[in-house]
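# Notes for the structure review
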Amino acid sequence: MNLEIITDTTITSSAIYKDGTLFLANEEHLPFAQYCRKAYQLMEASYPKFFKMDNLCKLSFLTAELLLTENIGGALNGEKTAIILGNRSSSIISDQKHYESYVERENSFPSPAVFVYTLPNIMLGELCIRHQITGESSCFMMEDMDAAFLFHYVQDLLLNEGYEHCITGWVDFSPTEYGAELYLIGKRDKGEVKRPFGINFNQKV
Amino acid sequence: MEIFNIADHLISPLGCSAGQNFAMLKKSRTGISKITDDSLCPQTFYGAGYETHTVEQQVVFEGCEKYTFLERLFIYSIDAVLKAVGDIDKQRTVLVLSTTKGNIGLLNERKAKKYEGNRIELPVMARVVNDYFEMPHRPVVVSNACISGVSAILTAQKLIRLGLYDHAIVTGGDLLTEFVLTGFQSFMAISDAPCRPYDVARKGITLGEACATMFLTNNPGLVAKTEAFARVAGGGQANDANHISGPSRTGRGLRMAVSKALEGAKLQPGDIDYISGHGTATLYNDEMEAVAFNHLNMQDTPLNSLKGYFGHTLGAAGIVESIITIRQLNEGVLLGSHGYAEHGVTQPLNVLAENQESPNLRYGLKTISGFGGCNGAVIFEKA
Amino acid sequence: MRNLQEKLKGEIIELLNLEDLQPEDIGNDEPLFGSGVGLDSIDALELIVLLEREYGVKIENPEEGREVFNSINTIAAFIEKNRK
């Protein structure tokens, strides 16, 4: 049994790539709010809940949306698919927003719609809902993307725990920067593995 | 490969060791009380909070002023477990840390300035704790909302099973903060009386705080505390894919997590002698669990929720409640579900109202569910 | 009352990020939850905060909110009745 990268998607503040091919360049250096709206429209995603999400969830949503295009996402068995992500900054953007809503006691109106996003694994929950994934969803906090850890974890899910597919990678949104890279990993019984899934899977060839 | 828990430590408002905590639980003592503390909330509320001054004096060690209160608790708890276990090969040991909000109090910049580095970041906080013990490997940090503690145990089990390590220190901690309190208040999820899991009069959660540590290893010969000795028989996790905060009406995710745990342990539902439920005492969570356990045909299995003793300790809950699960198996006593008097979910469940002597316990199941739709289950076997 | 209903529609669209909707898309009697506008439990909690912050009207428990938030008309009537 061989494990392979079926497809990958990267979003940085300057561009969006699908399998190394440019999908959208942020030539005007748009702030995230406009840039993500542009990407959303270009992906023709029709998902009103997107606009309720915080920036971390919007970023992971768009990355997964491009990763799981119709022909790929439709082929997943939700029960046999897991999502295992790395992240550094947790939900700091929403944390700060929630903090500001209660820190002045005389004007304290905490918002449940903000508070619900003050956990990093909510982005995994959103992806599970969107793509009907009901396997394990785990969020690991790391200072930078620990590909070796993710590799061992995901390999075990696929080889020993009966999973067929796994979405793995990195999504992070801090007050100063953001970026995401997601990989769809699958198994191959026969035929040539074009992109083997290995311990350095996030290194661009 | 068989993996065992061989030591434990737990610091909560009920005591500064797992033994002290368990002794209090057997006496039906709860850590929940009326709290009047303006730094947390202008109104009085119910919570399971540390007597901060007492605990601060407890978690004192050389150089402790460089660490936040939560970091000191982690260090204190891990240190106690390491002292119990004795000499271990750190090269073959990993620290797995579970938390939801970590040092969230450092959103206050004045407080943040007192500590070196960006300690509000969870992996930075974990590195600081890891470095204190001169652990050579990167710590693994799990943040899966309320199920984080069970996720951490299952991650540690996996890392040992894969042969990457022989031992894992599994620690979980969260504090009762204004951040979390105001958030759950905005969700109208906080009970105005001590929480009453599975009871007809339940009105929501009571928040708590705790820090707890387990020590998993592939070498049962190292057993340090017989009260904590158990085999990790199986585990599973699954997502509801239904709503980011509301429990699923069908309990499907929890059902799948428990089924995976049973499958991994090669057990049938009827083999389980005891369930430590999540039992937060919100209307919908407890109802969801009842639906799930009935689907699994586990409605007759003795069950309790420990939230009536500890409150909801968030990222610590899975570890706190696993420690108490194991101690119940080993002592042959099941605890009454504190706050439960009259059955309040629509499906039958065997909720224990009183402590029960049960000398022949073998398998205990700990279940847990959280925001983001995640569910976890882990099965322990008395070793 | 009419002005209140229009104001509420604008506030709800902005507060709940109902990107695809204009005030005229929401009927005064249209159900806001379930099949109609499609709000969910977090939206309901958010509306409770809105009523308290903007109108000084308190809803003590989410079950009560369920009836109040049936439609724009029921919200407007609740505000009119309870506003000091």
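In the nomenclature of an unreviewed UniProt entry, chain C is known as Acyl carrier protein of Fulvivirga imtechensis AK7.

On a plain count of helices and strands, chain C comes out with 4 helices and 0 strands. Scanning chain C from its N terminus toward the C terminus, one meets helices and strands in the order α-α-α-α. For chain C, whose C-alpha radius of gyration is 12 Å, the value lies close to the compact-globule estimate of 12 Å for 84 residues. Based on the C-alpha atoms only, the size of chain C along its principal axes is roughly 35 × 25 × 20 Å. Per-residue burial over chain C gives 42% buried out of 84 residues. Here the analysis covers contacts within chain C between residues at least 6 apart in sequence; of these, 54% occur between residues at least 24 apart. Here chain C has roughly 4,500 Å² of accessible surface; of this, 45% comes from carbon and sulfur atoms.

When helices and strands are tallied, chain B shows 11 helices and 16 strands. Here the C-alpha atoms of chain B give a radius of gyration of 19 Å, agreeing with the 21 Å that 2.2 N^0.38 yields for 383 residues. For chain B, the spread of C-alpha atoms along the principal axes amounts to about 55 × 50 × 40 Å. Sorting the 383 residues of chain B into buried and exposed places 66% on the buried side. Restricting to contacts in chain B with at least 6 residues of sequence separation, those with at least 24 account for 77%. Just so you have it, chain B exposes about 13,100 Å², and 47% of that area is on carbon and sulfur atoms.

Next up on the list: the interface of chain B and chain C. Each partner contributes residues to the interface: chain B has 8 residues there, and chain C has 11 residues. Across the chain B/chain C interface, buried area totals approximately 640 Å², and carbon plus sulfur atoms make up 65% of it. Summed over the three residues of chain B that lose the most area to chain C, namely F187, M188 and H243 of chain B, the buried surface amounts to 65% of that side. Taken together, the connections running from chain B to chain C amount to 0 salt bridges. On the surface where chain B and chain C come into contact, there are 2 residue pairs in polar contact (both at pLDDT 80 or more). For the side of chain B that touches chain C, the class distribution of residues is 5 nonpolar, 3 polar and no charged.

What follows is about the environment of E54 of chain C. Residues and elements named next belong to chain C. The topology assignment puts E54 in helix α2 (residues 41-55). Between the alpha carbons of E54 and G27 there is a distance of 22 Å; along the sequence they are 27 residues apart. At a separation of 3.3 Å, a polar atom in the side chain of E54 contacts the side chain of R53.

This brings us to the packing of helix α6 (residues 148-161) of chain B against helix α11 (residues 317-331) of chain B. Residue and element names in this part refer to chain B. For the pair α6 and α11, the least separation of the axes is 5 Å and the interaxial angle reads 70 degrees. Compared by their axis directions, α6 and α11 come out roughly perpendicular. Note on element contacts: α11 touches α6 through G318, I319 and S322, opposite G149, V150 and I153. Taken together, the residues of the contact of α6 with α11 break down into 3 nonpolar, 3 polar and no charged.

Glancing now at the pairing of strand β1 (residues 4-11) of chain B. Residue and element names in this part refer to chain B. With 8 of 8 residues buried, β1 is to be regarded as a mostly interior element. Judged from the 6 bridges that link them, β1 and strand β8 (residues 210-217) form a sheet pairing that is antiparallel. Bridge assignment links I11 to a residue of β8, and that residue is C211. Bridge count between β1 and strand β9 (residues 230-239): 2 bridges; the pairing is antiparallel. Note that in β9 the partner of N5 across the bridge is A230.

Before going further, it helps to examine the sheet that holds strand β3 (residues 45-48) of chain B. All names here are of chain B. Taking strand neighbours across the sheet as the criterion, the 3 strands line up as β2-β3-β7 in an open arrangement whose pairing is mixed. Single-partner strands in this sheet number two, and they are β2 (33-35) and β7 (207-208). Inspection of the sheet shows β3 paired to β7 by 2 bridges, in the parallel sense. Note that in β7 the partner of G47 across the bridge is L207.

Next up on the list: the pattern of salt bridges. In this structure the tally under the stated criterion is 40 salt bridges over all chains. One salt bridge connects E121 of chain B with R88 of chain A, and the closest N-O pair in it is separated by 2.5 Å. On the criterion of chain membership, the pair formed by E121 of chain B in the loop between α4 (109-112) and α5 (122-132) and R88 of chain A in the loop between β4 (81-87) and α4 (92-102) is interchain, its members lying in two chains. Take E121 of chain B: its relative accessible area is 13%, and that puts it in the buried class. Taking the relative accessible area as the measure of exposure, R88 of chain A reaches 24% and is therefore partly exposed. In this structure, E2 of chain B and R231 of chain B form a salt bridge, with 3.8 Å as the shortest nitrogen-oxygen distance. Residue E2 of chain B is located in the segment before β1, and its partner R231 of chain B is located in strand β9; the two are separated by 229 residues in the primary sequence. According to the relative accessible area criterion, E2 of chain B is partly exposed, its value standing at 45%.

Definitions and limits used
Residues numbered from 1 in each chain as written. Chains lettered and ligands numbered in written order. Predicted model: local features only at pLDDT ≥ 70, side-chain atom pairs only at ≥ 80, totals over all residues. Heavy atoms only, no water. Helix = DSSP H or I, 4+ residues; strand = E, 2+ residues; numbered from the N terminus. Rg over C-alpha atoms; globule rule 2.2 N^0.38 Å. Buried < 20%, exposed > 50% of the residue type's maximum accessible area, 1.4 Å probe, protein only. Contact = heavy atoms within 4.5 Å. Areas by Shrake-Rupley, 256 points an atom, 1.4 Å probe, with all protein chains shown as cover. Buried area = accessible area lost by both parts, 1.4 Å probe. Salt bridge = Lys/Arg side-chain N within 4 Å of Asp/Glu carboxyl O. Polar contact = N/O pair within 3.5 Å; in protein donor to acceptor, adjacent residues only side chain to side chain. Nonpolar A, V, L, I, M, F, W, Y, C, P; charged D, E, K, R; others polar. Axes fitted to C-alpha atoms, helices over the stretch in contact; angles between N-to-C directions. Parallel < 35°, antiparallel > 145°, perpendicular 65-115°, else oblique. Pairing = 2+ DSSP bridges.

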